[in-house]
There are 4 protein chains.
Amino acid sequence: MQKTSVKIFYLTDANLPFKNTTFWVDAIFGTGLNKAVEKNIADLIHQVNSTRTPVISIDLPSGLFADKHTPTNVAVIHASTTLTFQRLKRSMLYAENAHRIGEVKVLDIGLDEHYMESLPTTQELVDRSLINKILKPRKRFSHKGNFGHALLIGGSYGKAGAIILSAKACVKSGAGLTTVHTVKTTGATLQSAIPEAMLSTCEGDKVCDLPDLAPYNAIAAGPGLGINEQTSSMLKLLLQKAKKTLVLDADALNIISQNKNLIDNLPENTILTPHKKEFERLFGTFENDFQRNDFQIAASVKHKIIIVLKGAYTSISTPEGKCFFNTTGNAGLAKGGSGDTLTGIITALLAQGLNATDAAIAAVYIHGLAADCAVKKIHPYSLTASDVTEFLSEAFIQTV
Amino acid sequence: MQKTSVKIFYLTDANLPFKNTTFWVDAIFGTGLNKAVEKNIADLIHQVNSTRTPVISIDLPSGLFADKHTPTNVAVIHASTTLTFQRLKRSMLYAENAHRIGEVKVLDIGLDEHYMESLPTTQELVDRSLINKILKPRKRFSHKGNFGHALLIGGSYGKAGAIILSAKACVKSGAGLTTVHTVKTTGATLQSAIPEAMLSTCEGDKVCDLPDLAPYNAIAAGPGLGINEQTSSMLKLLLQKAKKTLVLDADALNIISQNKNLIDNLPENTILTPHKKEFERLFGTFENDFQRNDFQIAASVKHKIIIVLKGAYTSISTPEGKCFFNTTGNAGLAKGGSGDTLTGIITALLAQGLNATDAAIAAVYIHGLAADCAVKKIHPYSLTASDVTEFLSEAFIQTV
Amino acid sequence: MQKTSVKIFYLTDANLPFKNTTFWVDAIFGTGLNKAVEKNIADLIHQVNSTRTPVISIDLPSGLFADKHTPTNVAVIHASTTLTFQRLKRSMLYAENAHRIGEVKVLDIGLDEHYMESLPTTQELVDRSLINKILKPRKRFSHKGNFGHALLIGGSYGKAGAIILSAKACVKSGAGLTTVHTVKTTGATLQSAIPEAMLSTCEGDKVCDLPDLAPYNAIAAGPGLGINEQTSSMLKLLLQKAKKTLVLDADALNIISQNKNLIDNLPENTILTPHKKEFERLFGTFENDFQRNDFQIAASVKHKIIIVLKGAYTSISTPEGKCFFNTTGNAGLAKGGSGDTLTGIITALLAQGLNATDAAIAAVYIHGLAADCAVKKIHPYSLTASDVTEFLSEAFIQTV
Amino acid sequence: MQKTSVKIFYLTDANLPFKNTTFWVDAIFGTGLNKAVEKNIADLIHQVNSTRTPVISIDLPSGLFADKHTPTNVAVIHASTTLTFQRLKRSMLYAENAHRIGEVKVLDIGLDEHYMESLPTTQELVDRSLINKILKPRKRFSHKGNFGHALLIGGSYGKAGAIILSAKACVKSGAGLTTVHTVKTTGATLQSAIPEAMLSTCEGDKVCDLPDLAPYNAIAAGPGLGINEQTSSMLKLLLQKAKKTLVLDADALNIISQNKNLIDNLPENTILTPHKKEFERLFGTFENDFQRNDFQIAASVKHKIIIVLKGAYTSISTPEGKCFFNTTGNAGLAKGGSGDTLTGIITALLAQGLNATDAAIAAVYIHGLAADCAVKKIHPYSLTASDVTEFLSEAFIQTV
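The shown structure was predicted, so the numbers you read here are calculated from the model rather than taken from an experiment.

Calculation notes
- Residues numbered from 1 in each chain as written.
- Chains lettered and ligands numbered in written order.
- Predicted model: local features only at pLDDT ≥ 70, side-chain atom pairs only at ≥ 80, totals over all residues.
- Heavy atoms only, no water.
- Helix = DSSP H or I, 4+ residues; strand = E, 2+ residues; numbered from the N terminus.
- Rg over C-alpha atoms; globule rule 2.2 N^0.38 Å.
- Buried < 20%, exposed > 50% of the residue type's maximum accessible area, 1.4 Å probe, protein only.
- Contact = heavy atoms within 4.5 Å.
- Areas by Shrake-Rupley, 256 points an atom, 1.4 Å probe, with all protein chains shown as cover.
- Lys, Arg positive; Asp, Glu negative; His and termini not counted.
- Charge placed at Lys NZ, Arg CZ, Asp CG, Glu CD.
- Disulfide = S-S within 2.5 Å.
- Pairing = 2+ DSSP bridges.
- Right-handed = clockwise from strand over helix to strand, strands pointing away.
- Buried area = accessible area lost by both parts, 1.4 Å probe.
- Salt bridge = Lys/Arg side-chain N within 4 Å of Asp/Glu carboxyl O.
- Nonpolar A, V, L, I, M, F, W, Y, C, P; charged D, E, K, R; others polar.
- Domains from an automatic or database assignment.
- Axes fitted to C-alpha atoms, helices over the stretch in contact; angles between N-to-C directions.
- Least-squares fit on C-alpha atoms with pLDDT ≥ 70 in both.
- Polar contact = N/O pair within 3.5 Å; in protein donor to acceptor, adjacent residues only side chain to side chain.
- Phe/Tyr/Trp six-rings, centres within 6.5 Å; stacked < 30°, edge-to-face > 60°.
- Lys NZ or Arg CZ within 6 Å of the ring centre and 35° of its normal.
- Expected span 1.5 Å × (residues − 1).

Caption draft 1: Up close: the overall build of chain A. Each helix and strand in chain A was counted, giving 14 helices and 14 strands. Taken over C-alpha atoms, the radius of gyration comes to 23 Å for chain A, in line with the 21 Å a tight globule of 400 residues would show. The dimensions of chain A, computed from C-alpha atoms along their principal axes, are 75 × 45 × 40 Å. With 400 residues in all, chain A has 61% of them scored as buried. Relative to all contacts within chain A whose residues are 6 or more apart in sequence, the contacts with residues 24 or more apart total 66%. Accessible surface computed for chain A: about 16000 Å², of which carbon and sulfur atoms make up 51%. The positive charge centre, built from 40 side chains, and the negative charge centre, built from 36, are 2 Å apart in chain A.

The following block contains the structure:
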C-alpha cells in the first residue's frame, strides 16, 4: 500500500465506537473503479483484515467496487465503519456487502444537491423531500368518500394475525374506509382488534371467494391467505377481475410462485412486495445482490408492475425501469408482521388516489420512518409490528 | 378592477402560508350583496384566477354571495386564504364553496358580541359558551341512576365494529348504564372491547327483535344494523313503541330511505344523523348546499325531528326551524367509524336528561372538539374513531 | 335572624365559586342541636332560599340537624357551599341532605386530632392513616403463594363484562392467583381481556355449579351471575360449603333478596356490597338515610356480617356494631361497572390475608382513591371502571 | 457479648427506615465461620430478639452462617436491615433466612472487583456486565430469518391466558418469528391478543399432537398445557423428537413429575424452569434451601440440563456444575403469570442463537429487570405479567 494512496495511523477518539482502542483508518480514494486492487494492495488488505483490529474506511472500503458486484475472491477491507461522502454508494445498499462496509455514516461535504439531483439516473434514494411531494395534507371540507375504500383479502383460518396487522395499518394510514374480506372466525377476532375496519366474510376455513369489487379503490391480497387450491382459484379470479390497482404480498406471492404463468397475467401497475426468499421463489436465484436488483428492474419493465423488494434498503422498481432505494427503517423491523403492516399502508395510500409507484415509495418510507421513530422509545428487540403501526402518526407528522 | 374598490399589492410575509411567494390581496368590500359582479370585475377575477397565484381574500372572495348559493357561472375569486371578520359567513359553511374560500381565518375586529348575539336569527354557530350552558358538572351525591340508561341497537353479524365504536363513545360520554342490543356473535366481541357495556342479545344473524324498552332513557338504532327485512321490521316496531327519544343513524336511515312512509311516523324529537349521501337517499338530491340546508330545516319543522347533517360544518336543524352550525372538527374525522362514535355520544347525553336539541348540538360539538384535541397529537391520516373516543375526556374537560 | 347569631354580608371573592357575584354568608353557630329552628329564624331561612342567591354556610347550614334526620318540613338553608370545621358531620354524609349542604369543604381549625381520635365512637371516617395501618408492603422473599388465591364466580352468558371488570381489579390489587368460575363463552372473552386470570368453566349458559373450593383463600360471587333458578341453587350451595370469607355482590344480592331466608344462613363475616336499591331489596325501604344506616349497622350485628352500602360516602358496618364512612371517590364512579371493580379489590385483599372488616374498608378507600387520582386526568363524564382499575396502582402508591 | 466484638449503641437517624426510633446495631464481625455462636453470645442474641426493637446488622446478622444452612436451633439475630459489604453472601440468597437478614443493602467498600472476579468460583451473581456480554445489538442488514423461529406449545382449553403471556413476551424479546401450537379456541383468543404470533392448531380440547418441528430454532412447552394423558403423550413425543433446545415449564414439569423416568430422557441442555413447589414435585423435598440448591446443581450435572429454580434470587444451575444467582426482580413478580412470561423470554433468546445457559441467565435477568423498571411506575400490588412484558423494552435498553 503506497504512502500516497493509503494513510494509516492510530487514533483514540471517544466519539467513535472504538473507545480507547487502536484502529486503522483506510483511506484509499478512488477504489470506485469497479475492478480488483493490485496484488500488493490486496496483500496489505488481507493483512489488515487478519489483525481483527477495527477499521474505519473513508469513502468506500478499499477494494470494494462502487457500482457493481465485488466477487468474494477480490480483496476488500472489512470496515467496522465507513465514512462516505454526500450519498450512499450503490454497493452499500446490498446485504452482500454488509460485512465489508460495517456501519455507514454519510458525511455532508457540501456538494451541490441541485446539480446532483439534475443528473440523469434511473436509481434514486428516497428521502423526505420526495415523500413530502407525494403526500398531501387533508382539507377541511373533505369527507370519507374523498379518501377511498381499501379492500384487504386474507386471514384464512388460523392466520388472523397477519390480516389484523394489515387492517390496523390501513386504517391508520388514512383510508376513508377499510374492508377486510376473510373467513368468519378471523372476522370475529378482527372486529375486536380494529373495530374501524368493516367485514366481508366467506364460508369455510379458507378465503375462497371474492366480494363484489366495484366499491373498492384499491385491493390487497396475501396476508394470512394460505396457499391451498381454493385460495389459488380465488387469486386467479382476482387477477382477472380487478380493475383497481392490486397489492400482492405473502401467500399471494407464494401462490404465484407455484403458478408462474400468473406473472404474465398481472394487471398493469400491480404492486408485488416480496422479501428476498419470496422474490427467489418468484423469479429464481441470483448470483449476487446486484444481479437480483437488475433482474428486479427488468421484471418490472417486462410485466409493467411495481416490485417492492423488502430488505435493509428496500428497492422499489417501476415499469419505467427506475429503481428507488428506501433510506428509513432499522433492524427492529426484522420480525414477523412487518410485511403485513407495509401492505396495509400501501393499500391505504392507493385508496386515497396515489398512483402505484408513488404509493409504494411513500408507504415504504413511512413504514421505515415509523419504525425509526419507534426505536427512539422501544428497543429493537421488543419492537412489534403493532408498535410500528402506533408510530405511523408520528411518521406522517414528520412528512406531510 | 377599480382602484377604490380593489387594493392589489405584493407581500412577502413569513407568517402566512405563502412563504417567499408573491400573492394577491383581494379586498373588494361589499360583495355580500348576493348578486353577480359586473362584467369588468368579472373579467379581472377570471384573470387573477388564471394566474394560479395565491390570493388572500378579505371578508369574502370577490364575487361570492354571502348568504345564498353562488351559481357556477358567476365570477368568484378562488382564494387560497380568506380573512373574514368576527363571524363565519353562511356561504363559508358549505362544501360547494370550498374551492372559492380556501383556508378561512376569522379575525376579531372588536364588534360588540352582546349586540350580535341579541340579533334575531334562526341560524347560529355553535361555540364553547353555548355548550358550557348545556353540559353540567356531576354532583357528589349522584349515583348511576342519575345518569340514565342508554340502549344502542345494531351490530348484526359481521358488523360488530360499528356498534362497538358507538358503545365505547356512549360509555365515555357519561351514561350511567349502557346496554347494547345485538346478535350473539357481536355480543362476545363487544364485551371484550368494552366490558362496561351490558348486553341484550337476540337469536340469529340479524338484529331482528326488540328488548323491553321500559328501562331505557334514550335509544339509538343503526350502527352495523344491516338493512334486510328482519331488521326493517324491528325498526318499524321500534318507531311504534319507543316512548323515549330515538337516535337513528346509518342503516336505520337506509331502511327509512327504502320505506319513505316511515318518515311520517317518526316519534317527535327523533334525531336523524345522516351524512350527505344518506340525506339524499332520504330526501332526494338538491341543486346546491343552500337548497339542501333549507330543505333540512323545513323537514325538521314538518316532521318535528332534529336532523344532524354531518359534514365540515355539521348543521343541526330543529323542529322550531332553527339551524345550528358546528365549528369544531377536522378532516381526520373523514373516515369510517366517525358517525358511529357520534351516535354513541348523542345517546349518552340524551340518557343523562338533555333534551334532543341540546343533546345533538352538544354531542356534535364535543365529538369535533375531541378530534381537534386528538390531532394535536395524532396526524389526521392516522386518526381513528377509537382515538377520538379516547379524547372525549379532554373535550369534556374543556367544556364542562 | 338575630344580629348576634347571624352575620349576613356581601362578598366578592374570586377564590370562591361565585366570582363577581353577591352571595349570603350563613353563620348561625350552634344549630347542631338536632331540633327545628324557631319560627322567626325559619321565616328568614325561607326568605333567603327564595332569593336563589348562593349561600355559604359556616359549620352547618342553619336549621340542619347535625346527627339525625332533618324532616323535610323543617326550615333549612340550602347552601351552595358549606365550610365546616375539622371533620365532616354525620348529616353531611347522607344523600338526603345533598341539596342542603351543597359543596362541602372541611377547614382545619387546629383541634387536637389525638384527642378527637381518643373519643369513644362507633362511627369513624376512613382516612389514609387508617388504610396505611391495614395495607403492608410486599417483602422480597415472598412468592405468589404468600398472596393467596382469589375465586370470582359470575359472568353467565351475555354478562361477561361484569366479571371481566372484577377479575382485572382483583389481579391489579395484589392477589397471588385469581381464578374466575364462569361459563365457557365468558371464559373465552375473559382470557383475551385479562390473561393473568385463570379459568374454571361450567357447562351451559348459566353459572350453575361450583368448583372444588379448597384451593381458594377468598371467594366472591355476583358480578354478571344472573338470577335464575340454577344460579340460585349454586349460590345456596356456596353459602353452605364456603369456609373462606365470602363477598356477595350484584346478582348474588338479588338472589338473596328473592330468598330472604338466606340472610340468616350467611357464613360469619360474609361481606355484602349493595348499593341503595339492592339494600332496599334486601332489607326493605326506610324513611330516611339515618334510619337506613342505623338498620344497616343493626343487620351487621344481627347476622355477623359486613355490609358495604355503596354511595357518595360508602358506609361499612361491622358485626361489632361499628360503622366506617369512606371519604374517597367522586361522581365519576356513578356508572355501571364500578361495583364489579370494587368486588374484585375486596376479594384480592381478603385473599392476601386481611380480615373481612379491614379488607372491606381498605378496598372501598382504595377504589375511591383510584377514582380520585383518575379524575385528575380523565373527566368524570368519561371515566370508566377500566380507567379506575388502571389507577389502582397510583392509589396503592399513595397508601402502602 | 464482648465489648471488642460487639458494638451496641442507640441511633436516631432520619435516613434509615426507623425514624425517631431507638434501634440496635449488631456488629459482630467474623460470624461467617459457619458454626454456632457461644452460649453467652447466644443468650444475648435471644435477649435482643425478644425486645422486638429493630436491629441493623453489619456484614451478617450475628449467629448466621455465611455459606451453609443455619439450623433453626442456632441463635441468630433477626435483623431488620443488614448492611453487607461488596457482595451478597450465599446465605442471603435463600428464603429460609429471610426473617434473619431483613432488608439487605450492599455497601461498596472498595474491594478490587477484578481480583474478586478472578477468584475461582462455581457460584456467581448475575450482573449487568455479564448480560451485556451475552446480548448483542441487532445489525442493519439483518432480516427476520436471522432471529430465528420460536415455537411455544401450551394453552389447552380454558388455559389460554398462560400461553398468551408467553407469546407476548417471546414476540417482545426479539424472536424473528413466534408460532404457538395450541387448541383452536385458544388460538382465536391469542390472535386477538398478540397478532404478531402465528398459529398452529390441533383438534380437540387438549394440546395432543405436535407440528413438524423442523422450522423451529427453539421450542418451549408447558404454559397452560394441562396434565392429562394426551398432553403427556405429546410431551413424551416432543422429548424424543426435539433436536433444538427445549424449555419446559409449568404443566410440562408437572407431567414429568408424574413420569419421573422422563427426567433421564431429557435432551441435553433442556431448560427446566420450576418454582420451589414444582422443583419438589420433580426432585423431592429438602431439609433446607442450601440442600435444595446443592441438589439442583447436582441434578443439572447428572442430567446435563439447565435448571432455573425461580424465587427471590432465582438460581440457574448448569451441566458444568456452575450456579448463577439472579439479582434483579421484586415482590411484584410474586403473581400468577410471571413464569409464563419468563418462558417466553428464554425461548426468544434461544431462537436468536444463544446457547442454553446464556439464554436462561439473560432471560431471568431481563425479566427481573423489566419488573424493577415497572415498579418505578406501577405499585407491586398492581403489577401484572402483562405490565412486565411492556417493560421488556426498557430492560433491553439498559443492557444491550
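On we go.
Caption draft 2: Structural detail: the state of the cysteines. Residues and elements named next belong to chain A. Summed over all chains, the structure comprises zero disulfides over all chains. Cysteine Cys 208 shares no disulfide, and the gap to the nearest cysteine sulfur, in Cys 202, comes to 4.5 Å. What makes Cys 208 partly exposed here is its relative accessible area of 31%.

Caption draft 3: The pairing of strand E7 (residues 177–183) of chain A, seen in detail. Residues and elements named next belong to chain A. Among the seven residues that make up E7, six are buried, leaving the element largely enclosed by the rest of the structure. Bridge count for strand E6 (residues 149–153) against E7 is five bridges, and the pairing is parallel. Bridged to Leu 151 within E7 is Thr 179. Remark: the E6/helix H5 (residues 160–171)/E7 crossover connection has right-handed handedness. Relative to strand E8 (residues 198–202), E7 runs parallel, the two being bridged by five bridges. When the sheet's bridge partners are listed, Val 183 is paired in E8 with Cys 202. In the classification by handedness, the crossover that spans E7, the intervening helix H6 (residues 184–193) and the parallel E8 is right-handed.

Caption draft 4: Summary view of unusual backbone geometry. Residues and elements named next belong to chain C. With a phi angle near 65°, Gln 86 is a residue other than glycine that sits in the positive phi range. Mapped onto the fold, Gln 86 is located in the loop between strand E3 (81–85) and helix H2 (98–101). Unusually for a residue other than glycine, Asn 269 sits at a positive phi of about 70°. Following the sequence through the fold, Asn 269 ends up in the loop between helix H8 (251–258) and strand E11 (271–272).

Caption draft 5: Representation of the interface of chain A and chain B. Each side of the interface is counted separately: chain A has 32 residues, and chain B has 36 residues. With both chains or domains summed, chain A and chain B bury close to 2600 Å², and 58% of this area falls on carbon and sulfur atoms. On the chain A side of the contact with chain B, Arg140(A), Phe141(A) and Glu196(A) bury the most area, a combined 30% of that side's loss. For the interface between chain A and chain B, the tally reads zero salt bridges. Classifying every residue of the side of chain A that touches chain B gives 14 nonpolar, 10 polar and eight charged.

Caption draft 6: The domain arrangement of chain A, seen in detail. Residue and element names in this part refer to chain A. Looking at the assigned domains, one finds that chain A contains domain 1 (24–115) and domain 2 (130–399). Between the C-alpha centres of domain 1 and domain 2 the distance comes to 35 Å. Every contact between the two is made by 12 residues of domain 1 and, on the other side, eight residues of domain 2. Summed over both sides, the interface of domain 1 with domain 2 buries roughly 930 Å², with 65% coming from carbon and sulfur. Looking at the side of domain 1 facing domain 2, the largest losses of area belong to Arg 90, Leu 93 and Tyr 94, adding up to 53% of the total buried there. Applying the counting criterion to the domain 1 and domain 2 interface returns one salt bridge. Across the pair Arg 90 and Asp 294 runs a salt bridge whose closest N-O atoms are separated by 3.0 Å.

Caption draft 7: Highlighting the sheet that holds strand E2 (residues 55–58) of chain A. All names here are of chain A. Here four strands make up an open sheet; going across it, the order is E1-E2-E3-E4 and the pairing parallel. Each edge of the open sheet is held by one strand with a lone partner, namely strand E1 (24–26) and strand E4 (103–107). Within this sheet the neighbouring strands show an average axis-to-axis angle of 20°, counted without direction. Where E1 lies against E2, three bridges are found, and the strand directions are parallel. Paired with Asp 26 across the strands is Ser 57, a residue of E2.

Caption draft 8: View of the environment of Val104(A). Residue and element names in this part refer to chain A. Mapping Val 104 onto the fold places it in strand E4. Spatially, the C-alpha atom of Val 104 lies 9.3 Å from that of Ser 57, the residues being 47 residues apart in sequence. Ignoring any residue separated from it by four or fewer positions in sequence, one finds Val 104 in contact with Thr 82, Thr 84, Leu 88 and Met 92.

Caption draft 9: Layout of the relation of the copies chain A and chain B. For these two chains of identical sequence, chain A goes onto chain B by a turn of 90° and a shift of 0.1 Å along the axis, with RMSD 0.1 Å. Expressed as an axis order, the relation between the two copies is that of a four-fold axis. A distinct binding surface is used by each copy, with only 3% of the interface residues of chain A retained as interface residues in chain B.

Caption draft 10: The arrangement of the arrangement of the chains in detail. Between chain A and chain C there is no contact; the minimum C-alpha to C-alpha separation amounts to 10 Å. When C-alpha atoms are compared, chain B and chain D, though not in contact, are closest at a spacing of 10 Å.

Caption draft 11: How the structure looks around the interface of chain D and chain A. In this complex, chain D contributes 32 residues to the contact, which on the side of chain A involves 36 residues. Buried surface at the junction of chain D and chain A, both sides included, amounts to about 2600 Å², of which 58% is carbon and sulfur. On the chain D side of the interface with chain A, the three residues burying the most area are Arg140(D), Phe141(D) and Glu196(D), jointly 30% of the side's total. Seen at the junction of chain D and chain A, the total is zero salt bridges. The interface formed by chain D and chain A includes 13 residue pairs in polar contact (both at pLDDT 80 or more). At the level of secondary structure, the elements contributing two or more residues to the side of chain D that touches chain A comprise helix H6 (184–193), strand E8 (198–202) and helix H14 (392–399) of chain D.

Caption draft 12: Highlighting the relation of the copies chain D and chain A. The two copies are related by a screw motion: chain D maps onto chain A through a turn of 90° and a shift of 0.0 Å along the axis, at an RMSD of 0.0 Å. Counting the interface residues of chain D, we find that no more than 3% of their copies in chain A are interface residues as well, pointing to two distinct contact surfaces.

Caption draft 13: Molecular detail of the pairing of strand E14 (residues 323–326) of chain A. Residues and elements named next belong to chain A. Residues Cys 323 and Phe 325 point to one face of E14 and Phe 324 and Asn 326 to the other, with burial holding for every one of them. In this structure, strand E5 (residues 123–126) lies alongside E14, joined through four bridges in parallel fashion. Following the sheet pairing, Glu 124 is matched in E14 by Phe 324. Of the strand pairs in this sheet, strand E13 (residues 315–317) and E14 are connected by three bridges, and their pairing is antiparallel. The residue bridging Ile 316 from the neighbouring strand is Phe 324, located in E14. Between E13 and the antiparallel strand that follows it, E14, lie five residues; Gly 321 among them carries a positive phi value of about 85°.

Caption draft 14: Seen up close, the packing of aromatic side chains. Throughout the structure, instances matching the rule amount to 32 aromatic pairs over all chains. Between the aromatic rings of Phe279(C) and Phe283(C), the centroid separation amounts to 4.9 Å while the plane-to-plane angle is 55°, which identifies the pairing as tilted. In this pair, Phe279(C) and Phe283(C) are both assigned in helix H9 (residues 276–283), four residues apart and thus about one turn of the helix distant. Take Phe283(C): its relative accessible area is 14%, and that puts it in the buried class. Among the aromatic side chains, those forming a connected cluster through ring pairs are Phe279(A), Phe283(A), Phe286(A) and Phe295(A). Just above the ring of Phe147(B) sits the side chain of Arg138(B); from NZ or CZ to the centre is 3.4 Å.

Caption draft 15: Focus on helix H12 (residues 356–374) of chain A. The terminal C-alpha atoms of H12(A), which comprises 19 residues, lie 27 Å apart, in line with the 27 Å expected from a rise of 1.5 Å per residue. One side-chain oxygen at the N-terminal end of H12(A) lies 3.1 Å from the backbone nitrogen of Thr357(A); it belongs to Asn355(A).

Caption draft 16: A look at H8(C). Residue and element names in this part refer to chain C. H8 sits mainly inside the fold: seven of its eight residues count as buried. Within the span of H8, buried status applies to Asp 251, Ala 252, Leu 253, Asn 254, Ile 255, Ile 256 and Ser 257. Looking at the packing, one finds that the buried side of H8 touches strand E9 (218–221), helix H7 (229–241), strand E10 (246–248), E11 and H9.

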